Structure formats: C-alpha cells, structure tokens
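Each chain is listed here by its residues.
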Amino acid sequence: MSLLVIGTVAFDQVETPFGASGKIIGGAATYVSLAASYFLKNNIHLVSVVGDDFPQSGIENFHRRGIGTEGLEIKKGEKSFFWHGRYRADMNSRDTLETQLNVLADFNPVLPESLKELDFLMLGNLVPAVQKSVLNQMNKRPKLTVMDTMNFWMDTAWDELIETIKLVDVLTINDEEARQLTGEYSLVVAAQKILTMGPKYLVIKKGENGALLFHGKEVFYAPALPLEEVFDPTGAGDSFAGGFIGYLAATGDLSFENMKRAVIYGSAIASFCVEKFGIERVTDLRQEELDARIKEFVHLVQFDINLA
Ligand code: AMP
C-alpha cells in the first residue's frame, strides 16, 4: 500500500524545563512521515512547502528513510513555517509563543498525477482548507483518510475546519482540542459528538495518559509507556499518527482489532519521539528497539483474571 502525507515541514524552537533546542527541524508532516517509514518502506510521499532556508540535509533525511519529496515545494526567497513553543513543568501542556506561517500563508498545492492514486491519506496538521483541497484532488477516495489538527486552526479557521472534518474517516486530536471542538468537558460525550461530525473513528490523545480510540459504541484505551524521562514532547502526536496510519497502510487491514494494534504501534513510536529534542529519535530507530518496546506495551497491559 502507499501513503500520501501532507502537513507542515518546519523550523521549531522548543523550550522545556530541561533546556532549549534552538532552531531545529520539525513540522507535523516531518514527524508523521518519519514515523510511518518504520512500517511502510519506500511508499510514502510527502506534500508540503518550505522556503529556501530549509537545509538540503533535512530533505536528504527524508530520502534516507525512503520518503518521496516530489511533492515538497521549495519557494525561492521565502522562509519556512516557524513554530516556537514552551512546555510547562508538567510537560503535558504547552504554550505557543509564536507561529510564523511564512510560506504556508499562500500554500496551494497542486498534486502531481502520480500522487493522486495513493491508497492512504494522512492530512497532517495544516491549514484546513489546504487539507480539504488535497483530499478533493485525489482521483479516488483513499482507502482511509486520517486527519490531525490543533487549537490554532479552531481559533483561526473554524468553518473550514468543520467542513474538512466532515470528509475524513479518522480524526486524531488531543483531549483539550476535543473539548474545544465540542464545548463538552467529558471526553466520552465529546467523542460521541465528534463521531456525528463526519469521522467514523476518533483518537483522543492524552499525552502521558495514553490514547483513546472510539468507533460507534466501542472504546479502546492504550496507555502511554511510563518513561523515566520525557525530554521534549514535541511531535509526539504526529509520530503517533504516523505510526498509526503507517501500520494500517502496511497491513491493509482496517478492522477495529487491527486499529487497536495501530494505536499501540503509534504509541510506541511516540514514546521514542519524546526521549530527545526534535526528530533525532524518530530518525534512526532500530527495528530491535521498536520490537522491544512493543513487548513492553504488551507486558504493561496484559493481565489474567478469573471471574467466577
Ligand atoms: P505535536 O507536538 O505532535 O502536536 O506537533 C508539533 C509540530 O507541529 C511541530 O513540529 C510544529 O512545527 C507543528 N506545528 C505547530 N503549530 C502548527 C500549526 N498551527 N499548523 C501546523 N503545524 C504546526
């Protein structure tokens, strides 16, 4: 199976209680595609935009992981999207200090013919109208479309966001965003509302408290791995989404049982992402490390109980 990923490819500046990153490579599509590349080899294609300040080494990094960049536009004389965030002491909540859209302000991707036929579509965090436009350019409906978004677009592009959410199969958002989207405090009630807005599946990410997968009346809960040290949570949500859709695209199985496995794989990749600043950890993971971590997840949640 093949996967098309859209989203930001960016520069980030991150501050955590452990230190400051300086200006590093980030972006939703960066994390998504790198995470997905551990499941789907050589069949991931990226659609995004950067300025000519984006380093060639960053693009080569995608190629090393088998990610096609024929859909990555490089705008001469312009600057890449820039995000500056600061995590609070709990490392679960963060404040956005600055968002510079730069090249993203008038990004209007035209998909090359070769990308319009891909099987799976990840609408990573990006201007909702652009997410919708890419979905509409596909020649046929993808086998599965997963969408991620964030509070920034709820604050600045509400109507387009709601229209785009209507069209997708799976929405992944964090707990605070689910509350903002629905006006409901209870995540169960919020999930019920979101499942009437278009998506058939919903993943609510709860940071160090794991993730919930909702579908109809079914709910599945995956914990986050209790880690001794969370160094930088940036990109955890995107890495989760990349692992989730990458696993589904690699297996081609869209049953709820397989979605549960995809949630575990997504959680495993996210657990690596937070160990270091930026994309460092999701760039050079070894298969043995990933396999060992999946075993830790299984061990964490498995128990026997005899009910009389
Ligand atoms: P996450 O920590 O997974 O929620 O995502 C972090 C990434 O999102 C960072 O690498 C940022 O570059 C990117 N990002 C921040 N704000 C936005 C935004 N408004 N739209 C798209 N991507 C963003």
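Throughout what follows, the structure given in this document is the object of discussion. (Residues numbered from 1 in each chain as written. Predicted model: local features only at pLDDT ≥ 70, side-chain atom pairs only at ≥ 80, totals over all residues. Heavy atoms only, no water.)

1. Regarding the packing of aromatic side chains
And step 1. Using the criterion set out here, one finds eight aromatic pairs in the structure.
And step 2. Each ring, one from Phe 11 and one from Phe 54, has its centre 5.7 Å from the other, and the planes form 40 degrees; the classification is tilted. You can see Phe 11 sitting in strand E2 (residues 10-16) and its partner Phe 54 sitting in the loop between strand E4 (44-51) and helix H2 (56-64), a full 43 residues away along the chain.
And step 3. According to the relative accessible area criterion, Phe 11 is buried, its value standing at 8%.
And step 4. Judged by relative accessible area, which is 7%, Phe 54 ranks as buried.
And step 5. Taken together, the ring pairs connect Phe 18, Phe 231 and Phe 277 into an aromatic cluster.
And step 6. Its end group placed over the ring of Tyr 185, Arg 179 keeps NZ or CZ at 4.1 Å from the ring centre. (Phe/Tyr/Trp six-rings, centres within 6.5 Å; stacked < 30°, edge-to-face > 60°. Helix = DSSP H or I, 4+ residues; strand = E, 2+ residues; numbered from the N terminus. Buried < 20%, exposed > 50% of the residue type's maximum accessible area, 1.4 Å probe, protein only. Lys NZ or Arg CZ within 6 Å of the ring centre and 35° of its normal.)

2. As for the site of the ligand
And step 1. By nearness alone, 19 residues border the ligand, and Asp 12, Gly 27, Arg 94, Gly 235 and Asp 238 come closest of all.
And step 2. Interatomic distance of 2.7 Å between a backbone N/O atom of Gly 27 and an oxygen atom of the ligand.
And step 3. Contact with the protein chains hides 94% of the accessible area of the ligand, taken as 510 Å² for the molecule alone.
And step 4. Looking at which element gives the most residues to the shell around the ligand, the answer is helix H8 (residues 236-251), with three residues.
And step 5. Along the lines of polarity and charge, the residues of the shell around the ligand split into nine nonpolar, seven polar and three charged. (Near = heavy atom within 4 Å. Polar contact = N/O pair within 3.5 Å; in protein donor to acceptor, adjacent residues only side chain to side chain. Areas by Shrake-Rupley, 256 points an atom, 1.4 Å probe, with all protein chains shown as cover. Nonpolar A, V, L, I, M, F, W, Y, C, P; charged D, E, K, R; others polar.)

3. Quick notes on the pairing of strand E13 (residues 218-222)
And step 1. Relative to E13, strand E12 (residues 211-215) runs antiparallel, the two sharing five bridges. Pairing of Leu 213 across the sheet is with Phe 220, part of E13.
And step 2. Connecting the antiparallel pair E12 and E13 is a turn made up of two residues, with Gly 216 showing a positive phi of about 55 degrees. (Pairing = 2+ DSSP bridges.)

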